[in-house]
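Descriptive structure summary
Below are the chains, spelled out letter by letter.
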Amino acid sequence: MSSFDFGQENDAQKEAVLATEGPVLMIAGPGTGKTFTLVKRLAYLVIEKGVKPSEIMVVTFTEKAGKELLTRIFNEFIKYDLNLNINEMYIGTFHSVCLRLLKENSEYAENDNKYRMLDAFEQTYLVCRNIECFNRLGGYSRHISGRGIWKQSLEICRYVNQMMEELVDVEAMEADADEDMRFLARLVKRYQELLERNGAIDFSSIQTKTYNMLMQHPEVLDKLQESIRYIMVDEYQDTNYIQEQLVFLLAGDKKNICVVGDDDQGMYRFRGATIRNILEFPSRFAEGECRVIHLDTNYRSEPGIIDFYNRWMENVDGIHLFNWDKYRYAKKIHAGKQPLLKGSSVYSCGGDSIENEKEELLQMARSLMVNGNVSNYNQIAFLFRSVRSEEATQIGAYLEANGIPVYSPRSDMFFERTEIKQILGCLIMCFASYMVDLKKNLFNHKISDRLRSYYIGCLKEALPLAKADPALMAYVDGVKQQIQGLKEESDFCLLDTSTG
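Parameters at a glance
Residues numbered from 1 in each chain as written. Predicted model: local features only at pLDDT ≥ 70, side-chain atom pairs only at ≥ 80, totals over all residues. Heavy atoms only, no water. Helix = DSSP H or I, 4+ residues; strand = E, 2+ residues; numbered from the N terminus. Buried < 20%, exposed > 50% of the residue type's maximum accessible area, 1.4 Å probe, protein only. Contact = heavy atoms within 4.5 Å. Areas by Shrake-Rupley, 256 points an atom, 1.4 Å probe, with all protein chains shown as cover. Axes fitted to C-alpha atoms, helices over the stretch in contact; angles between N-to-C directions. Parallel < 35°, antiparallel > 145°, perpendicular 65-115°, else oblique. Nonpolar A, V, L, I, M, F, W, Y, C, P; charged D, E, K, R; others polar. Arc of directions from axis to C-beta. Left-handed = near helix turned anticlockwise from the far one by under 90°. Pairing = 2+ DSSP bridges. Core = buried A, V, L, I, M, F, W, Y, C linked by side-chain atoms within 4.5 Å. Expected span 1.5 Å × (residues − 1). Salt bridge = Lys/Arg side-chain N within 4 Å of Asp/Glu carboxyl O.

Of the regular secondary structure elements, the chain holds 21 helices and 10 strands. Its C-alpha atoms put the chain at 80 × 65 × 55 Å along the principal axes. Of all 500 residues assigned to the chain, the portion counted as buried reaches 40%. Contacts in the chain between residues far apart in sequence, at least 24 positions, make up 73% of those at least 6 positions apart. For the chain, the computed accessible surface area is about 28700 Å², with 51% contributed by carbon and sulfur atoms.

On to the packing of helix 20 (residues 449-468) against helix 21 (residues 470-484). Helix-helix packing is described using two parameters, namely the angle between the two axes and the distance between the axes. In the contact formed by helix 20 and helix 21, the axes pass within 5 Å of each other and the chain directions differ by 115 degrees. Judged by the inter-axis angle, helix 20 sits roughly perpendicular to helix 21. In this structure, helix 20 contributes Leu465, Ala466, Lys467 and Ala468 to the contact, and helix 21 contributes Pro470, Leu472 and Met473. Grouping the constituent residues of the contact of helix 20 with helix 21 by class yields 6 nonpolar, no polar and 1 charged.

Let's shift gears to unusual backbone geometry. In this structure, Glu235 is a non-glycine residue whose phi angle is positive, near 50 degrees. Phi angles above zero are rare outside glycine, and Lys255 is one such case at about 60 degrees. Mapped onto the elements, Lys255 comes out in the loop between helix 13 (241-251) and strand 7 (257-261).

Let us look at helix 12 (residues 218-227). Turning to helix 12, its buried residues are Val220, Leu221, Leu224 and Gln225. Projection of helix 12 onto a plane perpendicular to its axis shows the buried side chains occupying an angular sector of 130 degrees, all on one side. Looking at the packing, one finds that the buried side of helix 12 touches helix 4 (94-104), helix 11 (203-216) and helix 13.

With that settled, consider the packing of helix 16 (residues 354-370) against helix 17 (residues 390-401). The interhelical angle for the contact between helix 16 and helix 17, taken along N-to-C directions, is 50 degrees, at an axis separation of 10 Å. In terms of orientation, helix 16 and helix 17 fall into the oblique class. As helix 16 runs across helix 17, the sense of the crossing is right-handed. Of the residues in helix 17, those in contact with Ile354, Glu355, Glu357, Lys358, Glu359, Leu361 and Leu362 of helix 16 are Glu391, Gln394, Ile395, Tyr398 and Leu399. The class makeup of the residues in the contact of helix 16 with helix 17 is 6 nonpolar, 1 polar and 5 charged.

Counting buried positions over the 5 residues of strand 1 (residues 24-28) gives 5, a clear majority of the element. Burial along strand 1 is two-sided: the face carrying Val24, Met26 and Ala28 and the face carrying Leu25 and Ile27 are both buried. The pairing of strand 1 with strand 8 (residues 291-295) spans 5 bridges and is classified as parallel. When the bridges of strand 8 are listed, Met26 appears paired with Ile293.

Below, the discussion takes up the environment of His95. Structurally, the position occupied by His95 is in helix 4. Between the C-alpha atom of His95 and that of Glu302, which follows or precedes it by 207 residues, the distance is 36 Å. Aside from chain neighbours lying at most four places away, what touches His95 is Glu165, Phe203, Ile206 and Gln207.

Attention now goes to the nonpolar core. Formed by 38 residues in total, the largest nonpolar core has its most connected members in Leu25, Met57, Leu214, Ile231, Val233 and Phe281. Ranked by residue count, the leading element in this core is helix 13, at 6 residues. Setting aside anything within four residues of it in sequence, one finds Leu25 in contact with Val259, Ile278, Phe281, Pro282, Cys290, Arg291, Val292, Ile293 and Tyr329. If you look at the next biggest cluster of nonpolar residues, it comprises 32 residues, including Ala12, Met26, Leu70 and Tyr230.

It is worth spelling out helix 18 (residues 418-429) at this point. Counted at 1.5 Å a residue, the expected span for helix 18 with its 12 residues is 16 Å, and the 16 Å between its end C-alpha atoms agrees. For helix 18, the full list of buried residues reads Ile420, Lys421, Gln422, Gly425, Cys426, Ile428 and Met429. Of the surrounding elements, those touching the buried residues of helix 18 are helix 19 (432-440), helix 20 and helix 21.

Moving on, we come to the sheet that holds strand 1. Read across the open sheet, the 6 strands follow the order 3-2-6-7-1-8; overall the sheet is parallel. Sheet topology places strand 3 (90-92) and strand 8 at the edges, where each strand pairs with a single neighbour. The sheet shows a mean angle of 10 degrees between the axes of neighbouring strands, taken without regard to direction. Pairing of strand 2 (residues 56-59) with strand 6 (residues 230-233), which is carried by 4 bridges, proceeds in the parallel orientation. Looking at strand 6, one finds that Val58 is bridged to Met232. Contacts between helix 13 and the sheet are confined to strand 2, strand 6 and strand 7, with strand 6 contributing the most and set at about 165 degrees to the helix.

Applying the stated criterion across every chain yields a total of 24 salt bridges. The shortest N-O distance in the salt bridge between Asp262 and Lys331 comes to 3.6 Å. Note that Asp262 is positioned in the loop between strand 7 and helix 14 (276-279) and Lys331 in the loop between helix 15 (303-315) and strand 10 (334-335), a separation of 69 residues in sequence. One salt-bridge network, in which partners are shared between bridges, spans Asp262, Asp263, Asp264, Arg328 and Lys331.

What follows concerns the side chain of Lys34. Topologically, Lys34 is positioned in helix 2 (residues 34-47). Using a relative accessible area of 18% as the deciding quantity, one classes Lys34 as buried. Every residue in contact with Lys34, bar those within four places of it in the chain, is listed here: Ala28, Asp234, Glu235, Val260 and Leu295.

Next up, the structure:
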């Protein structure tokens, strides 16, 4: 009889742990113990099936999720007094796992050791600094519409990332009769030339180079298919085309692929993710070969919230606006705990005007605090179709006017907040020469009238604050004198103004 401890697993979770061979799709609804099940499945493979950690690959959506998984696996192994090096396990994001594969097979990986890694910001900044390489392309202004070179750079990066992750044939695109296709091909080529000149590699390139290595060097692929026996992919609904290709390549004929996700939680199409990967996963195999397991007991949310979710997803709250058909796995989430809150956990408020809606939302937030449902207003979140909409901005302004602070960084209003302008104004005050440049509009690198006007507005907000606070004024003056006293290169940087 097995000594493996399944813990408090329900039947569906136990089925997922025991389903070790062949393709498995776990449809894991919110709060259904997905990570708990993954940890138990990994432990079962090692403890009961005798699988070595180096023979397992687990791909997570974020580095944080990967580290959490490693910690929980380590704690699970401690219970069995096992002395295993779990760092041998391939655990991390697609990018980190691909980077490890490239390093372990560096002799086949186009000498990538000479490249420096760019994160998303560095990638955009590199394009921004070299925007003239792109804006000279014929048809640039017709295809790249962003206002300002930073937004144009973001747009360029979005295009090239998506095309590289879709494994497009750039040469075929360049020969296409469609002018749009030819422009995109030239854009990608210019970008690749820019990376090469700067000895850089970005996240998309990591995956592309890994794929090319596996395709161009069958001996590497054979070795990896032999050594990696089991593959698990978390948040499979957020994977893109190249990631799907990498998973199936590495799995080979063993087909020991377990993917976990929830088609209702696919949110990253703007990054190139395709919901098709999880919806069509079973069809990648012979009829009946892929086992589909539903984790549908929610241990996190109040029963009232779960009931509301089921009702909404089944019929869009009674309006029947959309027929899910083949675009969603049929599912119903069940409550796994007894209600903790008194009364309803789902509120409905609104009215025939925005004024009534604002007032009802204000009163609801206040009542949640008074009744002890929340201990801080930052435990309340409002979701809108767009945080820049008139409704969202009006509600945010109304709540703040009535003493409830609002945090909405993606509304593009963050830099309009008084406290942000005051902070920036105080920083500008630390640089006497820059204040002169602002006043006379004299810059080595000219800034736009709009940006200059904004900086002047920051100073107008900061000056009264500093004058009213002698300690703040003294601190700003001290930093200003320190900067003015610099005679040669120094390690002193802008962040140093926040210390002291």
